[in-house]
Amino acid sequence: MPRTDRIHPTGEDTDDSNSNSTDTGTGTGTGTGTDKKAAFLRSGHRSRSLAAGFLLPALLLLGALVVYPIGYSVQRSLFDRSGSSFVGLDNYLALVTDDSLRTAARNNVIWLIVAPAVATALGLVFAVLTERVRWGTAFKLVVFMPMAISMLASGIIFRLVYEQDPDRGVANAVWVGVHDTFAESSVFPRARPLPVHPLEAAGGGAFVTEEPVRAGEPVPLPLIGVAPGNMPKEARPARAPDAAPDAITGTAWLDFTRGGGGRPNTVDPAELGLAGLRIEAVKDGRVVAETTAAADGTFTLHADRADGAVLRLPASNFREQYNGVEWLGPTLVTPAVIGAYVWMWAGFAMVLIGAGLAAVPRELLEAARVDGANEWQVFRRITVPLLAPVLAVVLVTLMINVLKIFDLVFVIAPGSAQDDANVLALQLYRSSFGTDADLGVGSAIAVLLLLLVVPVMVLNIRRLRREARR
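Remember, predicted model here, so these are calculated numbers, not experimental data.

S.K.: How would you summarise a nonpolar patch on the surface if you had to cite specific residues and measurements?
M.R.: Together, Leu55, Leu59, Leu61, Leu62, Leu65, Val66, Val67, Ile70, Val74, Leu450, Val454 and Val458 make up a nonpolar patch on the protein surface, roughly 1,000 Å² of accessible area in all. Of all the secondary-structure elements, those providing two or more residues to the nonpolar patch are α2 (28–76) and α15 (439–469). Mapped onto the fold, Leu59 is located in helix α2.

In structure tokens, the structure reads:
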């Protein structure tokens, strides 16, 4: 073969024929590359085998604790209560036709719409506002603290908060305090006259004297129905009034003697005056005079106005005392439990949103302010759009969480209102382990919950993948 000379990049002459003979004569180069490739493949195979060995226990646990229960639940949902007869989709149809199951599904929709949105909105507000105060860290700690409490403990706390008695329930204590500030409370709820008393019902809860009153003739106004322990603190032993020729006088008292022995329509020594009772003189349907009873029950009206009138005890004396809102009644029990949930999870939303807020470029916010944007515009048009990925994470996480809510509803809702507060997870427990257990229906509810959670999880995974590709 003719010799071909070429210049090596280093400037030296090289002989191509010698190079070719070196590459192909002995085959050493080719053999070395093949050996390296084979070694690499063997190494990768060993690594995969090692990884599979480590993952095998986890895969076995996943299959035993997740895959098998899901498969068994799907199978069991197609059989009847005893599990011996195949019923197809009848258990799923029961979810639509049964009233309690429809209530549970409706309440789950309310939970899904309201609870995550409110918790996320509060978390956003807290995260933004705490950046502007010196004690923001302490505030965040206080708001996040409920996350350290179990659902059971939180349920017990709010069961007491929503207690109907204002002396025990914080919510009603506040509500009653505000109400009583603007509306006068009744003095003697449930007070009433006896048939032998000189009073008769006037409609609307009021009472009037049977006969018009005259100057110089004392007027007795006896009532019963007030527990002695509930009498006003200023009440004193009742005193029979003195006759006055130029005035209408009388006594309003509790015509009841402890231990018996008292006489109707007579002021006995142990009987107390109805201190503060409102008394009106009415002529031709108009109130011409009014007064209140003294501590001993006595009262006086000017004769020039009240003579010939009938005395009326207005209904405001007897209306029931305001005991607040029935938070755990059929109407408000679901919003009340949602309130407890928001109290717990608003801190979680605040912490995640606060972390996202810390990554927002401050230059954009300052530039917007320099351009004349007010704080609301900066918040709405810059802060919220930049926090959209974080808000989506919080919202989706809470949506998955509320689909499984059970503890708070079970603990807070009393037995009388539990049907009204029912949710799918609670109905799953009641159908599977209650006194009238039906494992077929319980399994159908479990499958339904799985089907509701899976799409939300898939959307969340896709969103996370899109964020990772950016």
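Here the narrative resumes.
S.K.: Give me a positive patch on the surface: which residues, what numbers.
M.R.: On the surface, Arg462, Arg465, Arg466 and Arg469 cluster together to form a positively charged patch. Relative to the elements of secondary structure, Arg465 occurs in helix α15.

S.K.: Which residues make up the sheet that holds strand β4 (residues 206–209), and what values go with them?
M.R.: If you trace the five strands from one edge of the open sheet to the other, you get β3-β4-β10-β7-β8, paired in antiparallel fashion. Looking at which strands have only one partner, the edges of the open sheet turn out to be β3 (199–203) and β8 (286–292). Averaged over all adjacent pairs, the angle separating strand axes in this sheet is 35°, with direction ignored. The sheet contact formed by β4 and strand β10 (residues 310–313) spans two bridges and is antiparallel.

S.K.: Can you tell me about the pairing of strand β7 (residues 278–283), naming the residues and giving the values?
M.R.: Both β7 and β8 contribute to a ladder of six bridges, which runs antiparallel. Note that in β8 the partner of Ala281 across the bridge is Ala289. Here β7 hands over to β8 after two residues, with Asp284 in that stretch at a positive phi of 50°. Pairing of β7 with β10 involves three bridges; the strand directions are antiparallel. Looking at β10, one finds that Glu280 is bridged to Arg312.

S.K.: Could you give an account of the environment of Ala315, naming the residues involved and the relevant values?
M.R.: For Ala315, the location among the structural elements is in the loop between β10 and α9 (333–358). We classify Ala315 as partly exposed; its relative accessible area is 26%. For the pair Ala315 and Gly203, spaced 112 residues apart in sequence, the C-alpha to C-alpha distance is 8.8 Å.

S.K.: Tell me about unusual backbone geometry, and name the residues and values.
M.R.: Phi at Arg190 takes a positive value of approximately 70°, unusual for a residue other than glycine. The residue Arg190 is located in the loop between α7 (170–182) and β3 in this model. In this structure, Asn265 takes a positive phi of about 65° despite not being glycine. Inspection of the secondary structure assignment puts Asn265 in the loop between β6 (247–254) and β7. Note on Asn265: relative accessible area 33%, which makes it partly exposed.

S.K.: Outline the nonpolar core, listing residues and values.
M.R.: Counting residues in hydrophobic clusters, the biggest one holds 48 residues, and the most contacted among them are Trp111, Tyr162, Tyr341, Ile353, Leu408 and Ile412. Those elements that provide at least two residues to this core are α4 (99–129), α6 (151–161), α9, α10 (362–370), α11 (375–386), α12 (388–403) and α13 (407–412). Here the element with the most residues in this core is α9; it accounts for 14 residues. Among all residues touching Tyr162, those that are not within four sequence positions of it are Ala171, Trp327, Leu328, Ala336, Gly339, Ala340 and Ile412. Listed in part, the 29 residues of the second largest apolar core include Val219, Leu277, Ala306 and Phe318.

S.K.: Can you tell me about the packing of aromatic side chains, naming the residues and giving the values?
M.R.: Tallied over the entire structure, the rule returns 17 aromatic pairs. Judged by centre distance (5.9 Å) and plane angle (20°), the rings of Tyr341 and Trp345 are stacked. Highlighted residues: Tyr341 and Trp345, both in helix α9, separated by four residues, approximately one helical turn. Each member of the pair, Tyr341 as well as Trp345, carries the same accessibility label: buried. Measuring from centroid to centroid gives 5.4 Å for Phe406 and Phe410, while their planes differ by 15°, and the two rings are stacked. Owing to a relative accessible area of 36%, Phe410 belongs among the partly exposed residues under this scheme.

Rules behind the numbers
- In every chain, residue numbers begin from 1 and rise along the written sequence.
- In keeping with the predicted nature of the model, local features appear solely for residues at pLDDT of at least 70, side-chain atom pairs appear and are counted solely at 80 or more, and the whole-chain, interface and lining totals rest on all residues.
- Each side-chain value is derived from all of the structure's non-hydrogen atoms; neither hydrogens nor water enter the calculation.
- Nonpolar side chains (Val, Leu, Ile, Met, Phe, Trp, Tyr) are joined into patches within 5 Å and like charges within 9 Å, using only residues with over 30% relative accessible area and no salt bridge.
- Per-residue accessibility takes into account occlusion by the displayed protein chains alone, with areas from the Shrake-Rupley method and a 1.4 Å probe.
- A side-chain nitrogen of Lys or Arg and a carboxyl oxygen of Asp or Glu constitute a salt bridge if their distance falls within 4 Å.
- Secondary structure elements follow DSSP: runs of H or I no shorter than four residues count as helices, runs of E no shorter than two count as strands, and numbering proceeds from the N terminus.
- This count recognises Lys and Arg as positive and Asp and Glu as negative, with His and chain-terminal groups excluded.
- Charge positions come from single atoms, namely NZ of Lys, CZ of Arg, CG of Asp or CD of Glu.
- Only strands joined by at least two bridges in the DSSP assignment are considered to pair.
- The axes are straight lines fitted to the C-alpha atoms, using for helices just the contacting stretch, and the angles between their N-to-C directions are given from 0 to 180°.
- To sort residues, take the accessible area from a 1.4 Å probe on protein chains only and compare it with the maximum for the residue type: under 20% means buried, over 50% means exposed, and anything in between is partly exposed.
- Put simply, a nonpolar core is a bunch of buried Ala, Val, Leu, Ile, Met, Phe, Trp, Tyr and Cys residues held in one set by side-chain atoms that sit within 4.5 Å of each other.
- Residue contacts follow a heavy-atom distance rule, with two residues in contact if any of their heavy atoms lie within 4.5 Å.
- What counts as a ring pair is set by centres within 6.5 Å for rings of Phe, Tyr and Trp (its six-membered ring), and what kind of pair is set by the plane angle: stacked under 30 degrees, edge-to-face over 60, tilted for all other angles.

Limitation: the analysis is restricted to geometry and does not speak to function.
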